[in-house]
Amino acid sequence: MSTSKTPRSGVGGQPVADPGPRVHRRRGGDGIPALAFLTPSIVTFLVFVLAPTVGVLVLSFYDWNLLSDGTFVGLDNFDRLVHDDRLLGVYGSTTYMALVILAVNVAAGLLLAVLLESRMPAWLRGFFRLSFLFPFVVSASAVALIWRFLLNKDLGLVNYLLGLLHVDRIDWLGSSAFAPVSVIIVSSWKTIGFSILVYIAGLQSIPAQLKEAAIVDGANAWTRFWRITFPLLSPTIFFLVVINTINSFQIFAEPRVLTQGGPGDASRTIVEYLYDRAFGDFDLGYASAIGITFTLVLIVLTAIQFRLSRRWTYYE
């Protein structure tokens, strides 16, 4: 008995080659390798993010001093938040410093990035980029320690230079008026390099033909920036606003090393206040409640920024 197969006919009666047996690939065949690659990230998230977060949430309902057994107190720690006048003042100082740092990073960072992208020798552009980026990669504690010597009232270089201009010595670290300014200066100096780097990447992604067409149409530099550069750069600006808001509200090393939060609470931040309550007063339950509410504040701020971004952020 013959087992030969008759070739199929195609268009015009021409025979079509038999494709052979079909191989059915399961859709979930790549699931195990993908899971294997994701396992390190999943384990890291569970151990270092999810587990501590759940632990802090549970701990916020207890009164625990690290030495004795914790006592369940329910919502008492959150009730203390409402009546803690000092906490309200710390929120005020944190907000003041965070908003100024945010403005410096977003506005001054954009200005410096535009200047760095202007016409200049390549070696000079590289030097300035490295100069602005170097503080960002250095430890915040090391940066703050260096600036602590520079801002010293009696022996600091800053006051020495101001003296050459016949300006009286300023108590940068011991005055309630200038201590927050010192934190703002140091934190902005350290973090602005990241904003400049992101801005430069955004500027280089803008098509050159758009600017060339605007030049042909007679648009000046300001018009080109406002009508072309800024709208196309708006997603980058929005990203930096969100990132710098979160980071500036969480500053800790700069005020801790420079002023220890003083004088009083003039330069104290929420993270520093939380740290003092947890490891200074050994009141971990109340510190956990502060951390939970502070996280919620940052989430709300971020949600508001995403909501408002729809009005001014332009995506191609």
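For the structure itself, consult the block above.
Structural notes, computed from the coordinates. Predicted, not measured: the structure shown is a model, and the values here were computed from it.

1. Considering the overall build of the chain
In terms of helices and strands, the chain carries twelve helices and four strands. For the chain, the C-alpha radius of gyration of 29 Å lies well beyond 20 Å, the compact-globule estimate for 316 residues. Each principal axis of the C-alpha distribution contributes one length, and for the chain these read about 105 × 70 × 35 Å. Residues classed as buried in the chain amount to 33% of the 316 residues present. Considering only intrachain contacts with a sequence separation of at least 6, the fraction spanning at least 24 residues in the chain is 65%. When the accessible surface of the chain is totalled, it reaches about 20,000 Å², and 67% of it is carbon and sulfur.

2. Brief notes about the nonpolar core
Across soluble globular proteins, nonpolar side chains show a tendency to be buried alongside one another. Judged by nonpolar contacts, the single largest core of 20 residues is most densely connected at V106, A113, I196 and Y199. By residue number, the principal contributor to this core is helix α9 (residues 221-249), which donates seven residues. In terms of nonpolar packing, the next biggest core, distinct from the first, is built from 16 residues, W147, W172, V183 and I251 among them.

3. Section: the environment of G193
Mapped onto the elements of the fold, G193 is located in helix α7 (residues 179-204). Accessibility expressed as a relative area gives 3% for G193, which makes it buried. Through-space distance from the C-alpha of G193 to that of F134 is 7.5 Å; in sequence the pair is 59 residues apart. In this view, G193 contacts F132 and L133; residues no more than four positions away in its chain are not counted.

4. Quick word on α9
In a regular helix each residue adds 1.5 Å, so 29 residues correspond to 42 Å; α9 covers only 35 Å between its end C-alpha atoms and thus falls short of that length. Backbone nitrogen of W222 and a side-chain oxygen of the N-cap are separated by 3.3 Å at the start of α9; the cap is N220.

5. Describing helix α3 (residues 85-116)
If you check α3, its first and last C-alpha atoms are 46 Å apart, about what 32 residues at 1.5 Å a residue would give, namely 46 Å. Along α3, the sharpest kink reaches roughly 25°, centred on G109. Taking the backbone nitrogen of R86 as reference, a side-chain oxygen 3.2 Å away marks D84 as the first, capping residue of α3.

6. Some points on the environment of D171
Examined against the element boundaries, D171 turns out to sit in the loop between α6 (157-164) and α7. Those residues in contact with D171, other than ones at most four positions away along the chain, are K153 and F178.

7. Overview of unusual backbone geometry
Residue P263 is reached from G262 by a cis peptide bond, and omega for that bond is -5°. Note that P263 resides in the loop between α10 (253-258) and α11 (270-279). Positive phi, normally seen in glycine, also occurs at L66, with a value near 75°. Mapped onto the elements of the fold, L66 is located in the loop between β3 (62-63) and β4 (71-72). Non-glycine residue F282 carries a positive phi angle of around 55°. Position of F282 among the secondary structure elements: in the loop between α11 and α12 (284-309). On the accessibility criterion, F282 (40% relative accessible area) is partly exposed.

8. A few points about a nonpolar patch on the surface
A cluster of nonpolar side chains, namely L35, L38, I42, V43, F45, L46, V47, F48, V49, L50, V54 and V58, defines an oily patch on the protein surface of about 1,100 Å² accessible area. Summarising the element assignment, F48 is placed in helix α1 (residues 31-59).

9. With respect to the packing of aromatic side chains
The final tally for this structure, using the stated rule, is 15 aromatic pairs. Seen in terms of ring centroids, W226 and F230 are 5.2 Å apart; in terms of plane orientation they differ by 20°. Their pairing is stacked. Of the two residues, W226 and F230 both sit in helix α9, four residues apart, roughly one turn of that helix. The exposure class of W226 is partly exposed, given its relative accessible area of 42%.

10. Quick notes on the pattern of salt bridges
For the coordinates displayed, the defined rule picks out eleven salt bridges. With its nearest N and O atoms 4.0 Å apart, the salt bridge here joins D84 to R277. Of this pair, D84 sits in the loop between α2 (76-82) and α3 while R277 sits in helix α11; the two residues are 193 residues apart in sequence, bridging distant segments of the chain. Owing to a relative accessible area of 13%, D84 belongs among the buried residues under this scheme.

11. Description of the side chain of T245
Structurally, T245 is set in helix α9. Judged by relative accessible area, T245 falls into the buried class, the value being 5%. At a separation of 2.9 Å, a polar atom in the side chain of T245 contacts the side chain of Q305.

12. A look at the packing of α7 against α9
Where α7 contacts α9, the two axes come as close as 10 Å, and the packing angle between them is 155°. Taken together, the axes of α7 and α9 are roughly antiparallel relative to one another. Our pair here, α7 against α9, has a crossing hand that is right-handed. Contacts from F194, S195, V198, Y199, G202 and L203 of α7 reach α9 at T229, L233, T236, I237, F239, L240, I243 and N244. Looking at side-chain class alone, the contact of α7 with α9 contains nine nonpolar, five polar and no charged residues.

The rules we used
- Residues numbered from 1 in each chain as written.
- Predicted model: local features only at pLDDT ≥ 70, side-chain atom pairs only at ≥ 80, totals over all residues.
- Heavy atoms only, no water.
- Helix = DSSP H or I, 4+ residues; strand = E, 2+ residues; numbered from the N terminus.
- Rg over C-alpha atoms; globule rule 2.2 N^0.38 Å.
- Buried < 20%, exposed > 50% of the residue type's maximum accessible area, 1.4 Å probe, protein only.
- Contact = heavy atoms within 4.5 Å.
- Areas by Shrake-Rupley, 256 points an atom, 1.4 Å probe, with all protein chains shown as cover.
- Core = buried A, V, L, I, M, F, W, Y, C linked by side-chain atoms within 4.5 Å.
- Expected span 1.5 Å × (residues − 1).
- Polar contact = N/O pair within 3.5 Å; in protein donor to acceptor, adjacent residues only side chain to side chain.
- Bend = angle between axes of the 7 residues up to and from the residue.
- Patch = residues over 30% accessible without salt bridge, like charges linked within 9 Å, V, L, I, M, F, W, Y side chains within 5 Å.
- Salt bridge = Lys/Arg side-chain N within 4 Å of Asp/Glu carboxyl O.
- Phe/Tyr/Trp six-rings, centres within 6.5 Å; stacked < 30°, edge-to-face > 60°.
- Axes fitted to C-alpha atoms, helices over the stretch in contact; angles between N-to-C directions.
- Parallel < 35°, antiparallel > 145°, perpendicular 65-115°, else oblique.
- Left-handed = near helix turned anticlockwise from the far one by under 90°.
- Nonpolar A, V, L, I, M, F, W, Y, C, P; charged D, E, K, R; others polar.

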